[in-house]
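Structural characterization, general
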Amino acid sequence: MIAPDVIEIERRLPAPVDEVFRWWTDPERLREWMSPVGTVDAEVDLRVGGAIRIVMKGDGREIEHRGTYLEIEPPRRLVFTWTSAYTGPEPSVVTVELAPDGARATRLRLNHRRLPEAAAASHRGGGGSMLDRLGEQLRAAADVASGG
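The sections below set out a description of the structure shown in this document. The shown structure was predicted, so the numbers you read here are calculated from the model rather than taken from an experiment.

Re the pairing of strand β4 (residues 61–73)
- Pairing between strand β3 (residues 51–58) and β4: eight bridges, direction antiparallel. Considered in β4, the bridge of Met-56 is made with Ile-63.
- Where β3 folds back on β4, the antiparallel hairpin that results is connected by two residues, among which Asp-59 adopts a positive phi of roughly 55°.
- Relative to strand β5 (residues 77–82), β4 runs antiparallel, the two sharing four bridges. The residue of β5 that forms the bridge with Glu-73 is Arg-77.

Dropping the structure here:
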């Protein structure tokens, strides 16, 4: 059983692991999907101890998220802290694990822990929506690459 302060989300994404990892670590790509709605500003200092900053803009508001990279194991694993007005006074921790799932797909597992219990449900929905957007972007990129 998952603790009330933890969310876990899994997705099968239509791209190889190294491509999915790029979409998690390149600020230009993060801007395409790292919000449930609207647009995104993204800054990344991709090194252990480096910062990530995401500003989600949509539904008439802006929500700033900040974090610090704790682990970076290209192209399989990222661990970073995550702090916003909705995650409580202590940083929560996001772990992203990527594994091949066939020749051109990736199994993504996201674990977000140390969330305030009241925030877990909204983060589960928001995280799911963001990963759905990521899947759409990956499909679109694959269509462009194949000339479709």
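Anyway, onward from the coordinates.
Concerning unusual backbone geometry
- At the junction of Pro-74 and Pro-75, the peptide bond is cis and its omega measures out at -10° in the coordinates.
- Within the secondary structure layout, Pro-75 lies in the loop between β4 and β5.
- Residue Asp-59 is not a glycine yet carries a positive backbone phi of 55°.
- Considering the arrangement of structural elements, one finds Asp-59 in the loop between β3 and β4.
- Residue Asp-59 is classed as exposed on the basis of its relative accessible area of 66%.

Brief notes about the packing of aromatic side chains
- Scanning the entire structure with this criterion turns up three aromatic pairs.
- Each ring, one from Tyr-69 and one from Phe-80, has its centre 5.9 Å from the other, and the planes form 65°; the classification is edge-to-face. Within this pair, whereas Tyr-69 is found in strand β4, its partner Phe-80 is found in strand β5, the two being separated by eleven residues in sequence. With respect to class, Tyr-69 is no different from Phe-80; both count as buried.
- Summarising the aromatic geometry, the rings of Phe-80 and Trp-82 are spaced 6.0 Å apart at their centres and angled 65° between planes, so their arrangement reads as edge-to-face.

Description of the pattern of salt bridges
- Taken as a whole and assessed by the stated rule, the structure comprises 16 salt bridges.
- Note that Asp-45 is salt-bridged to Arg-47, the shortest N-O span being 2.9 Å.
- According to the relative accessible area criterion, Arg-47 is partly exposed, its value standing at 46%.
- A salt bridge links Glu-97 to Arg-77; the nearest nitrogen and oxygen atoms lie 2.8 Å apart.

Reading the values: the criteria
Residues numbered from 1 in each chain as written. Predicted model: local features only at pLDDT ≥ 70, side-chain atom pairs only at ≥ 80, totals over all residues. Heavy atoms only, no water. Pairing = 2+ DSSP bridges. Helix = DSSP H or I, 4+ residues; strand = E, 2+ residues; numbered from the N terminus. Buried < 20%, exposed > 50% of the residue type's maximum accessible area, 1.4 Å probe, protein only. Phe/Tyr/Trp six-rings, centres within 6.5 Å; stacked < 30°, edge-to-face > 60°. Salt bridge = Lys/Arg side-chain N within 4 Å of Asp/Glu carboxyl O.

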